[in-house]
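Next come the chains, spelled out residue by residue.
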Amino acid sequence: MVACAPSHLCVGCFLYWFQSLLRLELLNRRALIAVGLLEIITYMVFVCLLKAVLQLALIIGFLLTVANYSFFAALLAFFVTSSKLTKWKGDKKKQIDAEYRAGGQRNWIQVFCNGGVPAELALLYMIENGPGEIAVDFSKHYTASWMCLSLLGALACSAGDTWASEVGTVVSKSPPRLITTWEEVPVGTNGAVTVVGFLSSILGGLCVGLAYFISQLICVSDLDISAPQWPLIVYGASAGFLGSVLDSYIGAVMQYSGYDENRHMAVNYYTDGVRHISGKPILDNNAVNLFSSILIALTLPGIAWGFWPRN
């Protein structure tokens, strides 16, 4: 017989209690479906993430599921694809990334920086609009549509940056270039970009946007009298690309990058034997990801508003 860890028991008790509490509320169908999805997320997180990340990941996943199923679909697309890509070609990434973790494991700070902005937007969405799916249509639901695009933009930004980092570093045949000066730099330098990375960022954002779009087709009932929803796919791809560019620029300027002559790889710290490449030690990678997603979430919906089709 296998004994359960205390953290597992705490989470299990919490889920049982919360599920019972929800059933007292007149067996609300949305809440019960959310609990079922929450149990699926729990299993996935136990398999893919560290125990310390579980609590935070559950909260983020649950908030997005209760608020809007399309939010959950976008989050799931980001989570699954990013987790797979982080583990992909892990042996090669160990040789060029000083901070690579075996198995692509993430800590709670990384989960917060990628999921904190969407979680807050999901809360604001429920306060403003209540839980439920709506068509993104500025003429009918201006504020709610803005929040939907902000959340989609934040997730697509994170996906684009992850895809660019995980694919571009191991697939690109040409050396990366620093985005601020366009000089050739070692693989793993903060702010280094490649054509493969740019294309990957577009695909990453497109994947998240496509998941949101498909969920809209399934869950929204008044699409026939609403604005077209296909721009969600283009919006996701744009957020992925622009988020990756913004992340690279901030990283090149506000993250320290050096070349360790002893380890023969780019590093994020200074010590004896490390030659400076670019940037200043102001932010770390997690902070750069957070600021990038915030800026995309704040600015991109306003740009989309000017181009979004009206019914």
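Residues numbered from 1 in each chain as written. Predicted model: local features only at pLDDT ≥ 70, side-chain atom pairs only at ≥ 80, totals over all residues. Heavy atoms only, no water.

S.K.: With reference to specific residues and values, describe the overall build of the chain.
M.R.: A tally of helices and strands in the chain yields ten helices and five strands. Here the chain holds 311 residues, and 52% of them are scored as buried. Of the contacts made within the chain by residues no fewer than 6 positions apart, 71% connect residues no fewer than 24 positions apart. Of the roughly 15400 Å² of accessible surface on the chain, a fraction of 66% belongs to carbon and sulfur atoms. (Helix = DSSP H or I, 4+ residues; strand = E, 2+ residues; numbered from the N terminus. Buried < 20%, exposed > 50% of the residue type's maximum accessible area, 1.4 Å probe, protein only. Contact = heavy atoms within 4.5 Å. Areas by Shrake-Rupley, 256 points an atom, 1.4 Å probe, with all protein chains shown as cover.)

S.K.: Describe the pattern of salt bridges, listing the residues and the values that go with them.
M.R.: In this structure the tally under the stated criterion is two salt bridges. Between Glu184 and Arg177 there is a salt bridge, with the nearest N and O atoms lying 3.5 Å from each other. Take Arg177: its relative accessible area is 29%, and that puts it in the partly exposed class. (Salt bridge = Lys/Arg side-chain N within 4 Å of Asp/Glu carboxyl O.)

S.K.: I'd love a proper account of the nonpolar core, names of residues and values included.
M.R.: Leu64, Phe71 and Trp308 are the most contacted members of the largest nonpolar core, which totals 45 residues. Only helix 3 (51-67), helix 4 (69-87), helix 6 (108-129), helix 7 (142-171), helix 8 (195-219), helix 9 (231-254) and helix 10 (285-307) provide two or more residues apiece to this core. If one sorts the elements of this core by residue count, helix 7 sits on top with eleven residues. For Phe71, the contacting residues outside a window of four places in its chain are Leu64, Ala122, Tyr125, Cys148, Leu151, Leu155 and Tyr212. Counting residues in hydrophobic clusters, the runner-up holds eight residues, among them Ile179, Phe198, Tyr259 and Ile277. (Core = buried A, V, L, I, M, F, W, Y, C linked by side-chain atoms within 4.5 Å.)

S.K.: How would you sum up the environment of Val245? Please name residues and give values.
M.R.: Its location among the elements puts Val245 in helix 9. Each C-alpha atom, one on Val245 and one on Val193, is 8.4 Å from the other, the two residues being 52 residues apart in sequence. Residues within four places of Val245 in sequence aside, it is in contact with Ile179 and Phe198.

S.K.: Give me the lowdown on the sheet that holds strand 3 (residues 257-260), citing residues and values where you can.
M.R.: What the three strands build is an open sheet, ordered 4-3-5; its pairing is antiparallel. With partners counted over all chains shown, the strands left at the sheet margins are strand 4 (265-267) and strand 5 (274-278), one partner each. Sheet twist, expressed as the mean angle between neighbouring strand axes with direction ignored, is 35°. Here strand 3 pairs with strand 4 via three bridges, running antiparallel. Note that in strand 4 the partner of Asp260 across the bridge is Met265. (Pairing = 2+ DSSP bridges. Axes fitted to C-alpha atoms, helices over the stretch in contact; angles between N-to-C directions.)

S.K.: Tell me about the packing of helix 7 against helix 9, and please be specific about residues and values.
M.R.: Direction vectors running N to C along helix 7 and helix 9 enclose 55°, while the axes themselves pass 7 Å from each other. What the angle tells us is that helix 7 and helix 9 run oblique. For helix 7 against helix 9, the interelement crossing comes out right-handed. Counted together, Leu149, Ser150, Leu152, Gly153, Ala156, Cys157, Gly160, Asp161 and Ala164 of helix 7 and Leu232, Tyr235, Gly236, Ala239, Gly240, Gly243, Ser244 and Asp247 of helix 9 form the full contact between these two elements. For the contact of helix 7 with helix 9, the residue count by class is eight nonpolar, seven polar and two charged. (Parallel < 35°, antiparallel > 145°, perpendicular 65-115°, else oblique. Left-handed = near helix turned anticlockwise from the far one by under 90°. Nonpolar A, V, L, I, M, F, W, Y, C, P; charged D, E, K, R; others polar.)

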